[in-house]
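# Examining the three-dimensional arrangement
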Amino acid sequence: MPVLPGAEPYRHEGGEVGVLLCHGFTGSPQSMRPWAEYLAERGLSVSVPLLPGHGTRWQDMRITTWHDWYAEVDRALRELRERCSTVFVFGLSMGGALALRLAARHGDAVRGLVLVNPGNKVHGVAAHALPVVRHLVPTTKGVANDIAKEGVTEVGYDRVPLHAAHSLRRFFRTVDGELPQVTQPLVLLHSPQDHVVPPADSARILSRVSSTDVREVLLEQSYHVATLDHDAERIFDESWAFVERLAPERVGGKGSRSGG
């Protein structure tokens, strides 16, 4: 299946500092593209992979699991590490959970994390019925496009495949058990008005990671897809300040070797 316009993966060859950006469940690199381009303009090497089953049609996602999604970001991280001396991982929603697992499993290979409205649990009574219901009902209403800013649209599915949702629930449980292994510096930005991931998920993550260098930022003007919302520039600026602080000797001029 052809990739939806705007959902293509993004890559930019920059300097020695690299950033891997992980998009969310049923979303696409489009939700991370402005952030990625902001970082690329500042001379960083940037990678935004398209997760398997995403960016085409929901039927393609139905046959994928969290193992497929994680394998893709793991591959992208290893690729960045081959050409960059310092690598950060940023994530939105489920992408935040993917980032946390990369940090837990790769240790010092990940210099720091920036998470935006990270997911930690599939909520609601229906979540407990997923193991059975997914065999009876293929999809439910989508979660894409939770954006306060008028005229902005997220490229994502309007349906959630329940087989994939069941796998997501298992993935969140796996990551929750690994959170104490996360020791890297962390910036967590979350929206009090989020109609997809409740603030409880961010609180849970902050209470379980072992990181001591932690900054929490509230995104008062945005909903779930804050990277495309009113607070986008604040997210971008916070992340750049974070990179500059943790890799000052490697973040030099704003030029780069080639375009993305």
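Reading guide: rules and limits
Residues numbered from 1 in each chain as written. Predicted model: local features only at pLDDT ≥ 70, side-chain atom pairs only at ≥ 80, totals over all residues. Heavy atoms only, no water. pLDDT = per-residue confidence, 0-100. Contact = heavy atoms within 4.5 Å. Pairing = 2+ DSSP bridges. Helix = DSSP H or I, 4+ residues; strand = E, 2+ residues; numbered from the N terminus. Axes fitted to C-alpha atoms, helices over the stretch in contact; angles between N-to-C directions. Phe/Tyr/Trp six-rings, centres within 6.5 Å; stacked < 30°, edge-to-face > 60°. Buried < 20%, exposed > 50% of the residue type's maximum accessible area, 1.4 Å probe, protein only. UniProt positions renumbered as here; feature names shortened; annotations may be inferred. Expected span 1.5 Å × (residues − 1). Salt bridge = Lys/Arg side-chain N within 4 Å of Asp/Glu carboxyl O.

- The chain goes by Alpha/beta fold hydrolase in an unreviewed UniProt entry, where it is assigned to Streptomyces cinereoruber.

## Some details on the confidence of the model for the chain
- Confidence in the prediction of the chain, expressed as mean pLDDT, is 93, and 95% of residues score 70 or more.
- Below a pLDDT of 50 lies the segment residues 253–260, which in the model reaches 18 contacts outside its immediate sequence neighbourhood of four places, other chains included.

## So, the sheet that holds strand β9 (residues 214–218)
- As summarised here, the arrangement of the seven strands in space is β1-β3-β2-β4-β5-β8-β9, forming an open sheet in which the pairing is mixed. Every interior strand has two partners, whereas the edge strands, β1 (10–12) and β9, have only one. Adjacent strand axes in the sheet meet at a mean angle of 15°, parallel and antiparallel pairs treated alike.
- Both strand β4 (residues 86–92) and strand β5 (residues 113–116) contribute to a ladder of four bridges, which runs parallel. By the bridge assignment, Phe90 is partnered in β5 with Val114.

## Side note on the packing of aromatic side chains
- In the structure shown here, the tally under the stated rule is seven aromatic pairs.
- The interplanar angle of 20° and the centroid separation of 6.2 Å between the aromatic rings of Trp35 and Phe236 together place this pair among those described as stacked. In this pair, Trp35 sits in helix α1 (residues 33–41) while Phe236 sits in helix α8 (residues 232–246), placing the two residues 201 residues apart along the sequence. An identical accessibility class is assigned to Trp35 and Phe236; each is buried.
- Here Tyr38 and Phe236 contribute two aromatic rings whose centre-to-centre distance is 5.4 Å and whose plane-to-plane angle is 45°, an arrangement assigned as tilted. Here Phe236 lies in helix α8 and Tyr38 lies in helix α1, a separation of 198 residues in the sequence.

## Comments concerning the UniProt feature "binding site: substrate" (unreviewed entry) in the chain
- The feature "binding site: substrate" (unreviewed entry), as given by UniProt, occupies Phe25 and Met94 in the numbering adopted here. In three dimensions, the annotated residues from a span of 70 residues occupy one location, with a maximal C-alpha spread of 5.6 Å.
- Tracing the chain through its elements places Phe25 in the loop between β2 (17–22) and α1.
- Here Phe25 falls in the buried class, since its relative accessible area comes to 12%.
- With sequence-adjacent residues up to four places away left out, Phe25 is seen in contact with His54, Met61, Trp69, Met94, Val143, Val160, Ala164, Ala165 and Leu168.
- Residue placement: Met94 occurs in helix α4 (residues 94–106).

## Considerations on α8
- An ideal rise of 1.5 Å per residue puts 21 Å on 15 residues; α8 measures up with 21 Å between its terminal C-alpha atoms.
- Those residues of α8 that fall on the buried side of the exposure criterion are Ala232, Ile235, Phe236, Glu238, Ser239, Trp240, Phe242, Val243 and Leu246.
- Summarising the contacts, the buried residues of α8 are in contact with β2, α1, β4, β5, β8 (186–190) and β9.

## Considering the environment of Leu228
- Structurally, Leu228 can be placed in the loop between β9 and α8.
- Judged by its relative accessible area of 11%, Leu228 is buried.
- Excluding anything up to four places from it in sequence, Leu228 contacts Gln30, Ser31, Pro34, Ile147, Lys149, Val152, Thr153 and Glu154.

## Observations concerning the pattern of salt bridges
- Taken as a whole and judged by the stated rule, the model has 16 salt bridges.
- The shortest N-O distance in the salt bridge between Glu41 and Arg42 comes to 3.8 Å.
- Across the pair Arg245 and Asp213 runs a salt bridge whose closest N-O atoms are separated by 3.0 Å. Of this pair, Arg245 sits in helix α8 while Asp213 sits in the loop between α7 (199–208) and β9, and the two are 32 residues apart along the sequence.
- Here Arg245 falls in the partly exposed class, since its relative accessible area comes to 47%.
- When its relative accessible area of 25% is taken as the criterion, Asp213 is described as partly exposed.
- A cluster of three or more residues bridged by salt bridges with shared partners is formed by Arg11, Glu13, Glu72, Arg75, Glu79 and Arg83.

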